[in-house]
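Structure assessment
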Amino acid sequence: MNATYEAGSFDVIVIGAGHAGCEAALAAARMGCSTLLLTINLDAVAFMPCNPSVGGPAKGHVVREIDALGGEMGKNTDKTHIQMRMLNTGKGPAVHALRAQADKFAYQHQMKHTIEQTPNLILRQAMVEELIVNNGVCEGVITQTGARYSAKAVVLTTGTYLRGKIILGDLQYESGPNNMRPSIRLAYNLKELGFEMVRFKTGTPPRVHKSSVDFSKMEIQPGDDVPRAFSYETTEFIMDQLPCWLTYTNEETHRTINSNLHRAPMYSGIIEGTGPRYCPSIEDKVVRFSDKPRHQVFLEPEGRHTEEMYVQGMSTSLPEDVQLAMLRSMAGLENVKMMRPGYAIEYDAIVPTQLWPSLETKLVEGLFTAGQINGTSGYEEAAGQGLMAGINAARKVQGKPPVILGREQAYIGVLIDDLVTKGTNEPYRLLTSRAEYRLLLRHDNADLRLTDIGYEIGLISEERYRKFCRKRELIEKEKERVMNTRVRPDMPHVQEVLRAAGSPELTEVIDLAQLLRRPEITYQHIIQMVPAPEPVPEEVAEQVEIQIKYDGYIRKSLQQVERMKKMEERRIPDDIDYHQIAGMSKEAREKMSKIRPLNIGQASRISGVNPADISVLMVYLEQYNRVRTAE
Amino acid sequence: MEFDTIAAVATPMGEGGIAVIRVSGPDAIEVVDKIYRGKRKLSTVESHTIHYGHLYDPQTGERVEEVLVSVMRAPRTFTREDVVEVNCHGGIVSVERVLELILDNGARLAEPGEFTKRAFLNGRIDLSQAEAVIDLIRAKTDKAMKVALNQVEGKLSRLIRKLRQNLIEAMAHIEVTLDYPEHDVEEVTQNFLREKCTEVKEEIGRLLQTARQGKILREGLSTAIIGRPNVGKSSLLNSLVQEEKAIVTDVAGTTRDVIEEYVNVRGVPLRLIDTAGIRETEDIVEKIGVEKSRQLLQEADLVLLVLNYNEPLTPDDYAIFDAAKGFQVIVIVNKVDLPQRIDLDEVRRHFPNRPLILTSAREETGIDQLERAIADLFFSGRVQQDDLTYVSNARHIQLLRQAERAVDDAISGIDNLMPIDMVQIDIKKAWELLGEVIGESVGEDLIDQIFSQFCLGK
């Protein structure tokens, strides 16, 4: 290493300015910490190397949660998107999900500008090669140019840069995403520090030129024509939207792929990293689901000021010539011009069970990690972790306890708990099915779940919090009214409204809430029968309707939460020696020694730990506590 | 310490006339109060007192049992929590019914060793006994595991696996449409889902019916009393059906007043088939005999074959011997108060491994031995030897019933046009409960299923 120089001292240093790093740095700076954000390339801040979209089921929920906690992703998307749609509107409120098509370039520029304008935050281009660790505590970083920065906490968000390798047909070379420089030395430094690493793989599809696409052969996918936004604070809505387009693979596409499988790195053994099952390459899909005659392919604009389009569904690492042949076999793409080929990328990640639920590493105090380095995939998953890592790094500096979101509180809580408790064998993607309390973690109530926390940690402004409290009061008031207002069959409008809604007429007196529970009756119907004394804002009406209509199911979920919480209240001291606990199975002893769960609830979620192990652990803990007290 | 409320049968099954069901936890009194009617509400009575009353099913208003209930408030109890002990009649049917009522009204079935564990955690048991408590939990769990493992080989677990597979495929299909709304996977229709759920519900119902234990607990051990005319079937029946034990049911939809009678023999519920037939035809010689016996055998779990001590074996006796071979038979040689004319060695030769009991219905001798033989047959190895085996079986039945109810909830959700992701909550619950029966954990199964069943990607 070259000679080093003292380059400055910060409360928090964030390494990497992707979706995790941006949120981490903004959160730490906004919480009052002097913060340095370092990135290999300043032009890659908040870069979207893969699909130009934000949100969707579970992911969109996370974006809303980030916003309720005072993060940036929602606001940044609202300012720059080219299309927004609410998905799953035909299903229950728990799975409604907002999805935006992003303008990649505008997204980056907007985020970079926000960071540049944020007080306490310095953005700088640098490649970090080494962490300064003394006595198990992270005290700063050293860059490739020899700059030594000292810090009280460091957040590591390396994305796919860490020992990144791009694979495209026979071609392979060390690289970060989209030919950025990879981070090599830092990967070895982490290994030297004792971290257990894994190798993961992901991929991206080719991009094509818009003017070479025949859209007349495709189905159009427009955005919603009502104003939509992720952030609860957004007041200006972009209504000028660009459509996406749908086409399909066909027999010829599949023939092209099958006859070139011997050239596919996935099958020739070049790729060693574990790829995600939920994002298979097109060659993988064709091989594994050979009975499927066609697969969907979406063409999505990469931005407003570019002709480049993303070919969703065609992620591949086949050689370039095969990629072009596959594309040209599809309707509307017969004469397509490919602008960039797709590729696979391998990278290092750390085994996430080496983290505390605060995202601080167990091995090195003051070192936090977030995003793909923790084994996840997806911009939203990264941003959610980045926000929590930034918050907890700042709180560590300020001598405050970490904020840990519960599985019943947020998808972010589910995500982090899954990672640190169960680990992952493949790049981890959030799904609504991973949340056992899905009905409580709705898109519509992210603010009700998390604004209090956001306010408490100092990321939600007074004004926003006041507005939020007002909304919460109105919801309670209106719920109260709906539950306590009786309707008689002879009241004006009542039978008329019911008839119009195709609902059976009333024969006896019932309350509005009971009527609202009828599947065909909405809040709009019941205020036609008995109007509210003051007009009720739409977002309040939405909550009243959902909370009353699905009350039975919500209560069931709350009961389960109650049980889980009791388990989580039982804390486990950090110095427990699990190998001493004779009655516990060997597997349970080993897993618990490694994961060191904070409480009984977390312990019970470790795979391979059964209820008897938990019972034995509880008895052991009681014994332990009594001995402690006696001493 | 704050725990939830648990319940379990505290006395071994099948022994004694009284069984105790113990309920422990913060809601113990409230839970039992929901189903108990006596002079006073249990929430108002003093600690460590016993109360007479009846249990009712709050859903149907039906009176279920006559009980004595002890109320013991924390901390002077075994677990140092509020404890209620319900003393009820010892028959399996009534014990099961009471336990089920308690579980339906807010308690959870206790894990193996859980009362002791709580006693320890709440400081009731001395520190020096911690190791012993751990050993107890371990041992009880290992035993339960062994039972579960035995059943892994069995038909029951194969069927449950199949049911779970059915459910998880439907669940994966639902999840895919939720998590990948733009993917070209067909939406799950209400009709498809209702069909699936109904199918599963019927299967669980059948399982509960065929699972021998379940059937016996619900219906009693189907018992046929056979023999040629005039051997004393009727008087034997009367000896078994003593006034205080008998529950005579009126079966709807039949023209006869009574066709079945239930008796509780040392905790074994017997359902006596065609007792009316026996009573009616005992004097009409031509109507009962070999044919009737053959017919009764078809639906019997247990056969009481009655012979006359006072007469030599007849060709009809031999014909009945042939018909009864291969069944669970207890041979009863009645009328020992009269001189012996029967060749007992010949009878033993035909039923070498079956109990042979000498009785005199008239003098009421041998009835005790008969009752013991019935109880032995029922409890031997299968049920009573090891009370844990019973608990584990009761647990399975309980879980199956809960699963059945969850599927039922799912169906009513579908009928009430609830969104599919709400219906999924109940389907998933059913799937988890079925998993508990065969000891399979929840884990990542669903996610695995989604990705192996559907082709998803960017």
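Residues numbered from 1 in each chain as written. Chains lettered and ligands numbered in written order. Predicted model: local features only at pLDDT ≥ 70, side-chain atom pairs only at ≥ 80, totals over all residues. Heavy atoms only, no water.

Here the focus is the overall build of chain B. Each helix and strand counted, chain B has 16 helices and 14 strands in total. Within chain B, the proportion of its 458 residues that are buried is 55%. Accessible area of chain B: about 20300 Å², with a carbon and sulfur share of 49%. (Helix = DSSP H or I, 4+ residues; strand = E, 2+ residues; numbered from the N terminus. Buried < 20%, exposed > 50% of the residue type's maximum accessible area, 1.4 Å probe, protein only. Areas by Shrake-Rupley, 256 points an atom, 1.4 Å probe, with all protein chains shown as cover.)

A few words now on the overall build of chain A. For chain A, the helix and strand inventory stands at 21 helices and 22 strands. A globule of 631 residues ought to have a C-alpha radius of gyration of about 25 Å, and chain A, at 26 Å, matches this closely. C-alpha extents for chain A along the principal axes are approximately 85 × 80 × 50 Å. The buried share among the 631 residues of chain A stands at 62%. Once local pairs closer than 6 in sequence are excluded, the contacts in chain A between residues at least 24 apart make up 72%. Accessible surface, chain A: about 24300 Å² in total, of which carbon and sulfur atoms supply 48%. (Rg over C-alpha atoms; globule rule 2.2 N^0.38 Å. Contact = heavy atoms within 4.5 Å.)

What follows covers the environment of B:L272. One can find B:L272 in strand β11 (residues 268-273). Linking B:L272 and B:I397, residues 125 residues apart in sequence, is a C-alpha distance of 24 Å.

All names here are of chain B. Scored by pLDDT, chain B has a mean of 77; 75% of the residues are at 70 or more. Per-element confidence in chain B ranges from a low mean pLDDT of 38 for strand β9 (residues 247-248) to a high of 96 for helix α1 (residues 28-35). A low-confidence stretch, residues 381-392 stays under pLDDT 50, and its non-local contacts, those more than four residues away or across chains, total 22 contacts. Model confidence for the complex: the whole-complex pTM is 0.81, and ipTM, which rates the interface, is 0.88. (pLDDT = per-residue confidence, 0-100.)

Moving on: a nonpolar patch on the surface. A cluster of nonpolar side chains, B:I50, B:Y52 and B:L68, forms an exposed patch at the surface whose accessible area comes to about 320 Å². By relative accessible area, B:Y52 is classed as partly exposed at 47%. (Patch = residues over 30% accessible without salt bridge, like charges linked within 9 Å, V, L, I, M, F, W, Y side chains within 5 Å. Salt bridge = Lys/Arg side-chain N within 4 Å of Asp/Glu carboxyl O.)

Bringing the pattern of salt bridges into the picture now. Residues and elements named next belong to chain A. This structure, assessed with the given rule, holds 70 salt bridges over all chains. Close ionic contact of R30 with E72 constitutes a salt bridge, the shortest N to O distance being 2.7 Å. In this pair, R30 is assigned in helix α1 (residues 19-30) and E72 in the loop between α2 (59-68) and α3 (73-80), connecting sequence segments 42 residues apart. When its relative accessible area of 3% is taken as the criterion, E72 is described as buried.

This next bit is on the sheet that holds strand β7 (residues 108-109) of chain B. Residues and elements named next belong to chain B. As summarised here, the arrangement of the seven strands in space is β3-β4-β5-β6-β2-β1-β7, forming an open sheet in which the pairing is mixed. The strands lining the two open edges of the sheet, one partner per strand, are β3 (36-38) and β7. Packing against the sheet, α1 makes contact with β2 (18-24), β3, β4 (49-56), β5 (63-72) and β6 (83-89), and its axis sits at approximately 70° to β3. (Pairing = 2+ DSSP bridges. Axes fitted to C-alpha atoms, helices over the stretch in contact; angles between N-to-C directions.)

All names here are of chain A. It is at 9 Å that the axes of α2 and helix α10 (residues 379-397) come closest, and there the two elements cross at 30°. One way to sum up the angle between α2 and α10 is to call them roughly parallel. Of the two elements, α2 crosses α10, and the hand of that crossing is left-handed. Side by side, α2 and α10 meet where K59, V62, V63 and I66 of the first sit next to E380, E381, A383, G384 and L387 of the second. Classifying every residue of the contact of α2 with α10 gives five nonpolar, one polar and three charged. (Parallel < 35°, antiparallel > 145°, perpendicular 65-115°, else oblique. Left-handed = near helix turned anticlockwise from the far one by under 90°. Nonpolar A, V, L, I, M, F, W, Y, C, P; charged D, E, K, R; others polar.)

Another point: the interface of chain A and chain B. With 60 residues of chain A at the interface, the matching set in chain B holds 55 residues. Contact between chain A and chain B buries roughly 5100 Å² in total, counting both sides, with carbon and sulfur atoms accounting for 56%. One salt bridge in this structure joins A:R563 and B:D4, with 3.4 Å as the shortest N-O distance. Across the contact surface, chain A and chain B share 13 residue pairs in polar contact (both at pLDDT 80 or more). The greatest single-element share of the side of chain A that touches chain B, amounting to 11 residues, is contributed by helix α21 (residues 611-630) of chain A. Residues belonging to the side of chain A that touches chain B are distributed by class as follows: 26 nonpolar, 16 polar and 18 charged. (Buried area = accessible area lost by both parts, 1.4 Å probe. Polar contact = N/O pair within 3.5 Å; in protein donor to acceptor, adjacent residues only side chain to side chain.)

What follows deals with the sheet that holds strand β14 (residues 219-221) of chain A. All names here are of chain A. Taken in spatial order, the six strands make up an open sheet running β14-β15-β16-β17-β13-β18, and their pairing is antiparallel. The open sheet has two free edges, formed respectively by β14 and β18 (338-340), since each of these has just one partner strand. The sheet shows a mean angle of 35° between the axes of neighbouring strands, direction not considered. For strand β16 (residues 296-301) and strand β17 (residues 308-312), the ladder comprises four bridges, and the chain directions are antiparallel. What sits directly across from E300, in β17, is Y310. Sitting on the sheet, helix α9 (residues 320-328) touches β13 (207-209), β17 and β18, and the angle it makes with β18 is about 135°.

Here we take up unusual backbone geometry. Residue and element names in this part refer to chain B. Looking along the chain, the bond that leaves A74 and enters P75 is cis, with omega of 5°. In this fold, P75 is placed in the loop between β5 and β6. Unlike most non-glycine residues, K335 shows phi in positive territory, near 70°. Mapped onto the elements of the fold, K335 is located in the loop between β13 (329-334) and α12 (344-350).

It is worth spelling out the packing of aromatic side chains at this point. Aromatic ring pairs are reported here in terms of the distance separating the ring centres and the angle at which the planes meet. What the rule picks out here adds up to six aromatic pairs over all chains. Geometrically, the ring pair formed by B:Y318 and B:F321 is edge-to-face, given 5.7 Å between the ring centres and 75° between the ring planes. Placement of the pair is B:Y318 and B:F321 together in helix α11 (residues 315-324), with a separation of three residues, close to one helical turn. Looking at B:Y318, the relative accessible area reads 30%, which means it is partly exposed. Residue B:F321 is classed as buried on the basis of its relative accessible area of 0%. Members of the aromatic cluster, connected to one another through ring pairs, are A:Y455, A:Y465 and A:F468. (Phe/Tyr/Trp six-rings, centres within 6.5 Å; stacked < 30°, edge-to-face > 60°.)

Formed by 96 residues in total, the largest nonpolar core has its most connected members in A:I13 and A:L131. Looking at this core element by element, the count peaks at nine residues for α10(A). In this structure A:I13 touches A:L36, A:L38, A:V141, A:Y149, A:S150, A:A151, A:A153, A:V154 and A:V155, once residues within four positions along its chain are discounted. Counting residues in hydrophobic clusters, the runner-up holds 57 residues, among them B:V188, B:I204, B:V407 and B:M422. (Core = buried A, V, L, I, M, F, W, Y, C linked by side-chain atoms within 4.5 Å.)

Taken together, the four bridges between strand β10 (residues 165-168) of chain A and strand β11 (residues 171-174) of chain A define a ladder with antiparallel strand orientation. Bridged to A:I166 within β11(A) is A:Y173.

Moving on to the state of the cysteines. Residue and element names in this part refer to chain A. The final tally for this structure, using the stated rule, is zero disulfides over all chains. The cysteine C33 is free of any disulfide, with C138 supplying the nearest cysteine sulfur at 15 Å. We classify C33 as buried; its relative accessible area is 1%. Of all cysteine sulfurs in the structure, the one in C50 sits closest to C244, which takes part in no disulfide; the separation is 14 Å. Taking the relative accessible area as the measure of exposure, C244 reaches 4% and is therefore buried. (Disulfide = S-S within 2.5 Å.)

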